[in-house]
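Commentary on secondary and tertiary structure
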Amino acid sequence: MKKFSIFFTVLILLTSSVFALELDLSVDEEIRKNYNPSQLELDVLPPLPGVPASIPQKINSNPQIQSNTKAMPDNTTPPVTLPVGETSSKVGRVQKTLPKNNLVSENFTSIKIKKGTKFKVVSKTKISSWANEGARMSFVSVAPVYQRYITIPQGTVFKAVVIDAHPPQGVGNGGLIVIKADQMLYKGSAYYINAKITKAGEKNIFFNNIKGKRGYLKGIINSTQPGSRFYKKAMQSTSKLAQNKWTLIFTPFTAVAGVVVYGVNIIGSPIFAMFSKGESITIPVGTQYEIKLLDDVYIY
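Residues numbered from 1 in each chain as written. Predicted model: local features only at pLDDT ≥ 70, side-chain atom pairs only at ≥ 80, totals over all residues. Heavy atoms only, no water.

Across its full length, the protein carries eight helices and 14 strands. The 300 residues of the protein split such that 27% are buried. For the protein, the proportion of contacts with a sequence separation of at least 24, taken over those separated by at least 6, is 69%. Accessible area of the protein: about 22500 Å², with a carbon and sulfur share of 60%. (Helix = DSSP H or I, 4+ residues; strand = E, 2+ residues; numbered from the N terminus. Buried < 20%, exposed > 50% of the residue type's maximum accessible area, 1.4 Å probe, protein only. Contact = heavy atoms within 4.5 Å. Areas by Shrake-Rupley, 256 points an atom, 1.4 Å probe, with all protein chains shown as cover.)

Written out as structure tokens, the structure is:
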């Protein structure tokens, strides 16, 4: 067995050279004879920065290679450093602030009427709490208004719209009119305004609500009238019954009935007054109003 192992090992070592690969290096020599690798690198690859290009002194005489090869002039020298371009310090971010344009703000091209300015006007339209929402009305100023660089003369027309209105309602609620002034006519041009009514007649208007008088308290008083009338009749009947000795025995019943009915009427009057209504509103033509600007107005 030992001899067989030695024989097998020697056989493997002798036959291993048969499976070896033999590289043929003559191909590389043939390529170098027909082509110039240095010249091809200069023609195809760009020059490296900071490294001067070198031109081989000898070019292969093969005509096929010479026709495909471009020689660089001797006085050509690549730049030592690359040109410096513009860089951004905010790479990957979007600039949210747009560049300013040449448009001029309206503050510089117009005259401003400041908010809070008040105009005294008279109405040219009759209005009531029965008006429809969206109804239009107009006013005329009765006095000039002076501002910086501008004067709003007397006779300037203002337009308004009814934005809310309703007739008298239950629980003693009176009628309502809400008016918004939205236009001013100045020198033939209409300007949008945002204004409210602060006075109607001699009455100050709060929150732009022109309200009719509430009728709840009046309704409480009116609801006690039936009980009061019943009580008076009961007392009259009691007085008549007391004059006759045969009917004197019935006087407590009439007196108690009158008191009970009147007392129930007084106690229930707040509930009965819930069915009462307030007063309606009717504002005639020629009523004086006061209009107050809520925003600045720009006149061009």
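Back to the text.
Here we come to the pairing of strand β9 (residues 189–200). One ladder, built from six bridges, connects strand β8 (residues 176–186) with β9; its direction is antiparallel. Each bridged residue has a counterpart across the sheet, and for M184 the counterpart in β9 is Y191. Between the end of β8 and the start of β9, which pair antiparallel, lie two residues, with K187 showing a positive phi angle near 55°. Where β9 and strand β13 (residues 288–293) come together, five bridges link them in antiparallel fashion. Looking at β13, one finds that I197 is bridged to I291. Linkage of β9 to strand β10 (residues 203–204), two consecutive antiparallel strands, is achieved through a turn of two residues, within which G201 is found at a positive phi near 70°. (Pairing = 2+ DSSP bridges.)

Within the largest apolar cluster, 33 residues are counted, with the highest numbers of intra-cluster contacts made by I210 and Y289. Of all the secondary structure elements, the ones that give two or more residues to this core are β2 (118–123), β4 (136–141), β6 (150–152), β7 (157–166), β8, β9, β13 and β14 (297–299). Ignoring anything within four residues of it in the chain, the contact list for I210 reads G175, L176, I177, I179, A200, I205, I281, I283 and Y289. (Core = buried A, V, L, I, M, F, W, Y, C linked by side-chain atoms within 4.5 Å.)

For β8, a buried count of eight out of eleven residues is recorded, marking the element as mostly surrounded by other parts of the structure. With nine bridges connecting them, β7 and β8 associate as antiparallel partners. Bridged to K159 within β8 is Q183. With three bridges joining them, β8 and strand β11 (residues 209–211) adopt antiparallel strand pairing. In the strand pairing of β11, V178 is matched with N209.

On to the packing of helix α7 (residues 225–242) against helix α8 (residues 251–272), then. Interaxial distance between α7 and α8 falls to 8 Å at its minimum, and their mutual angle equals 170°. One way to sum up the angle between α7 and α8 is to call them roughly antiparallel. Residues Q225, P226, G227, S228, F230, Y231, A234, M235, S237, T238, L241 and A242 of α7 form the contact with α8, whose own contacting residues are T251, T254, A255, A257, G258, V259, V261, Y262 and N265. A class-by-class count of the residues in the contact of α7 with α8 yields twelve nonpolar, nine polar and no charged. (Axes fitted to C-alpha atoms, helices over the stretch in contact; angles between N-to-C directions. Parallel < 35°, antiparallel > 145°, perpendicular 65-115°, else oblique. Nonpolar A, V, L, I, M, F, W, Y, C, P; charged D, E, K, R; others polar.)

What follows concerns the side chain of T251. For T251, the location among the structural elements is in helix α8. Residues within four places of T251 in sequence aside, it is in contact with T238, L241 and A242.

Next up on the list: a nonpolar patch on the surface. There is a patch of nonpolar side chains on the surface, built from V171, I271, F272, M274 and F275 and spanning about 540 Å² of accessible area. Looking at where V171 falls in the secondary structure, it is placed in the loop between β7 and β8. (Patch = residues over 30% accessible without salt bridge, like charges linked within 9 Å, V, L, I, M, F, W, Y side chains within 5 Å. Salt bridge = Lys/Arg side-chain N within 4 Å of Asp/Glu carboxyl O.)

Right, let's get into the confidence of the model for the protein. Per-residue pLDDT for the protein has a mean of 76; in total, 65% of the residues score no lower than 70. For the stretch residues 53–73, pLDDT sits under 50, and the model shows 23 contacts to residues farther than four places along the chain or on other chains. Low pLDDT (under 50) marks residues 80–105, which in the prediction has four contacts with non-local residues, meaning those over four places away or in another chain. (pLDDT = per-residue confidence, 0-100.)

To continue, consider the packing of aromatic side chains. Following the criterion strictly, the structure yields three aromatic pairs and no others. Relative to F158, the ring of F119 has its centre 4.9 Å away and its plane inclined at 50°; by these criteria the two rings are tilted. Within this pair, whereas F119 is found in strand β2, its partner F158 is found in strand β7, the two being separated by 39 residues in sequence. In this pair, the class of F119 matches that of F158, namely buried. (Phe/Tyr/Trp six-rings, centres within 6.5 Å; stacked < 30°, edge-to-face > 60°.)

The next subject is α7. Side chains of residues three or four places apart in an α-helix project in the same direction, reflecting 3.6 residues per turn. With 18 residues, α7 should reach 26 Å at 1.5 Å per residue; the first-to-last C-alpha distance of 26 Å fits that figure. Turning to α7, the residues buried within the fold contact α8. (Expected span 1.5 Å × (residues − 1).)

Looking now at the packing of helix α6 (residues 216–223) against α8. Where α6 meets α8, the axes come as close as 8 Å, and the angle between the chain directions of the two elements is 145°. Crossing geometry of α6 relative to α8 is assigned as right-handed. Residue-level contacts link Y216, I220 and S223 of α6 to N265, S269, P270 and F272 of α8. Among the residues forming the contact of α6 with α8, the class breakdown is four nonpolar, three polar and no charged. (Left-handed = near helix turned anticlockwise from the far one by under 90°.)

For F207, which is not glycine, the phi dihedral falls at a positive 60°. For F207, the location among the structural elements is in the loop between β10 and β11. In this structure F207 comes out as exposed when scored by relative accessible area, which is 75%. One non-glycine residue, N208, lies in the positive phi region at around 65°.

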